[in-house]
Amino acid sequence: MKEIIILGSTGSIGRQTLDIVKTYPNLFRVVGMSCNSNIQLFNKQIAEFKPQYVFVNDKSAREKCELNGAVMLGSSEELVSVPLGSIVVTAMVGISGLLPTICAIKAGKDIALANKETLVAGGDLVMALAKEKGVNIFPVDSEHSAIWQSSNYGKAKDIKNLILTASGGAFRGKTKEQLLNVKASDALKHPTWNMGAKVTIDSSTLMNKGLEIIEAKHLFNMPAEKISVVIHKQSIIHSLVTYNDNSVIAELSYPDMRIPIQLALTYPLKIGTKLPELDLTSVGSLTFEKPDLNVFPCLEIAMQCAKKGGYYPCIMNGANEIAVEAFLHDKIGFYDIPDIIDNTLAKVEVKNEITLDGIFEVDLLARNIAKQLLQK
């Protein structure tokens, strides 16, 4: 039986991970869970799955936690470092996932990675540490899981390039003029996926796909120049791998995150699922189009940061998190998001040597500059 620790159990990925545990109670046991502030749901999860260790980030919510015999720990880093658990599902949002992931790797635990920002901000350090410790990092994003599978679990040596598919988000096909006055409530109406607010906004700006380019760069040791994006509104093909002979292999399934989550938990096995089998005749047409970088400049910004590497992705990510939060509260417009990111990138002095302290220092500086830009 595989022992699992879930960081962010009340979020979308966390809830779907628990669905899998519930489906296969003889295969998995949850030994640790954390949440940010949704204590009502967290208490229900503790009662049902009975983890030995828990952590609640929000102090006021922590006081309302019903432990049911579990031990309350002082941080996510402490949670992933307990002797129990062989794999950690990193389902929290933002750069807050970086340090717990590093601690889990140091503790020798495999990572089911759902937190993009971990590799966006600290990919060089994280991948080097995982290699040093002999730890596996299993991708949970459907796009990276598709590439992982289509490349024989990352073992193929004759890959030419990677193609990430994107649904296009809530504003697929819109013009720049049509998006000038959109609100967060408009952007949150994703046509395909049911995700958290921050990820859904990133999907509407295509920043989500930019983050995935950087993530793929680190996961598959692939130059950013060899990673591209196509809009595929049906979300049936989850990404593709082009080989040196120009043949292309893709992974297809209905859009359901439980498929890549389950594979990350059961690798190298592919076990049965209660999810529906793909019926291509009912799907009908599969379409593809180029992303419009003029309408969605966040993708262009991310592509440039991916190519530059170093601290640039970290700066971009910090500024984006601040801008998205402001957009969610209707404090700025849709196109203020890329403007704030661009201006922050121009103002932060980039260092050469990448260290963990340097990442958090640069991230904080980027956030402070982005906040100052918001005030203006």
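Residues numbered from 1 in each chain as written. Predicted model: local features only at pLDDT ≥ 70, side-chain atom pairs only at ≥ 80, totals over all residues. Heavy atoms only, no water.

Quick look at the packing of helix H5 (residues 98-106) against helix H6 (residues 116-133)
Inference 1: For the pair H5 and H6, the least separation of the axes is 10 Å and the interaxial angle reads 5 degrees. By the angle between their axes, H5 is roughly parallel relative to H6. Here Leu98, Thr101, Ile102, Ile105 and Lys106 of H5 come into contact with H6, specifically with Thr118, Gly122, Val126, Leu129, Ala130 and Lys133.
Inference 2: By residue class, the composition of the contact of H5 with H6 is six nonpolar, three polar and two charged. (Axes fitted to C-alpha atoms, helices over the stretch in contact; angles between N-to-C directions. Helix = DSSP H or I, 4+ residues; strand = E, 2+ residues; numbered from the N terminus. Parallel < 35°, antiparallel > 145°, perpendicular 65-115°, else oblique. Contact = heavy atoms within 4.5 Å. Nonpolar A, V, L, I, M, F, W, Y, C, P; charged D, E, K, R; others polar.)

A look at the sheet that holds strand S10 (residues 237-243)
Strand pairing in a sheet relies on backbone hydrogen bonds. The paired strands run either parallel or antiparallel.
Inference 1: Strand order in the open sheet made by the four strands is S9-S8-S10-S11, with mixed pairing throughout. Each edge of the open sheet is held by one strand with a lone partner, namely strand S9 (227-231) and strand S11 (248-252). In this sheet, adjacent strand axes meet at a mean angle of 20 degrees when their direction is disregarded.
Inference 2: Of the pairings in the sheet, the one linking strand S8 (residues 159-166) to S9 comprises five bridges and is parallel in character. Along S9, the bridge assignment pairs threonine 165 with valine 230. (Pairing = 2+ DSSP bridges.)

Quick word on the packing of aromatic side chains
Inference 1: Counted under the stated rule, the structure contains eight aromatic pairs.
Inference 2: Ring geometry for phenylalanine 138 versus tryptophan 148: centroids 5.5 Å apart, planes at 45 degrees, classification tilted. Taken together, the residues span a long stretch of sequence, with phenylalanine 138 in strand S7 (residues 137-139) and tryptophan 148 in helix H7 (residues 142-150) at a distance of 10 residues.
Inference 3: Of the residues examined, phenylalanine 138 reaches a relative accessible area of 6% and is grouped as buried.
Inference 4: Each ring, one from tyrosine 153 and one from tyrosine 267, has its centre 5.0 Å from the other, and the planes form 70 degrees; the classification is edge-to-face. Taken as a pair, tyrosine 153 in the loop between H7 and S8 and tyrosine 267 in the loop between helix H12 (258-266) and helix H13 (280-283) lie far apart in primary sequence, 114 residues in all.
Inference 5: One aromatic cluster is present, built from ring pairs that chain together Phe138, Trp148, Tyr153 and Tyr267. (Phe/Tyr/Trp six-rings, centres within 6.5 Å; stacked < 30°, edge-to-face > 60°. Buried < 20%, exposed > 50% of the residue type's maximum accessible area, 1.4 Å probe, protein only.)

Focus on H6
Inference 1: Helix length check: H6, at 18 residues, gives a terminal C-alpha distance of 21 Å against a target of 26 Å (1.5 Å per residue), a shortfall beyond 12%.
Inference 2: Remark: the principal bend of H6, roughly 105 degrees, maps to glycine 122.
Inference 3: Those residues of H6 that sit buried are Lys116, Glu117, Thr118, Leu119, Val120, Ala121, Gly122, Gly123, Val126, Leu129 and Ala130.
Inference 4: The first or second residue beyond H6 is glycine 134, which carries a positive phi of 70 degrees. (Expected span 1.5 Å × (residues − 1). Bend = angle between axes of the 7 residues up to and from the residue.)

Focus on the side chain of glutamine 262
Inference 1: In this fold, glutamine 262 is placed in helix H12.
Inference 2: Not counting the four nearest positions on each side in its chain, glutamine 262 is found in contact with Ile20, Tyr24, Ile271, Gly272 and Thr273.

Re the pattern of salt bridges
Inference 1: Evaluation of the coordinates by the stated rule reveals 11 salt bridges.
Inference 2: Among the ionic pairs, aspartate 256 bridges to arginine 258, the shortest N-O distance being 2.7 Å.
Inference 3: Counted as one network, the salt bridges with shared partners bring together Lys116, Asp141, Glu143, Lys209 and Glu212. (Salt bridge = Lys/Arg side-chain N within 4 Å of Asp/Glu carboxyl O.)

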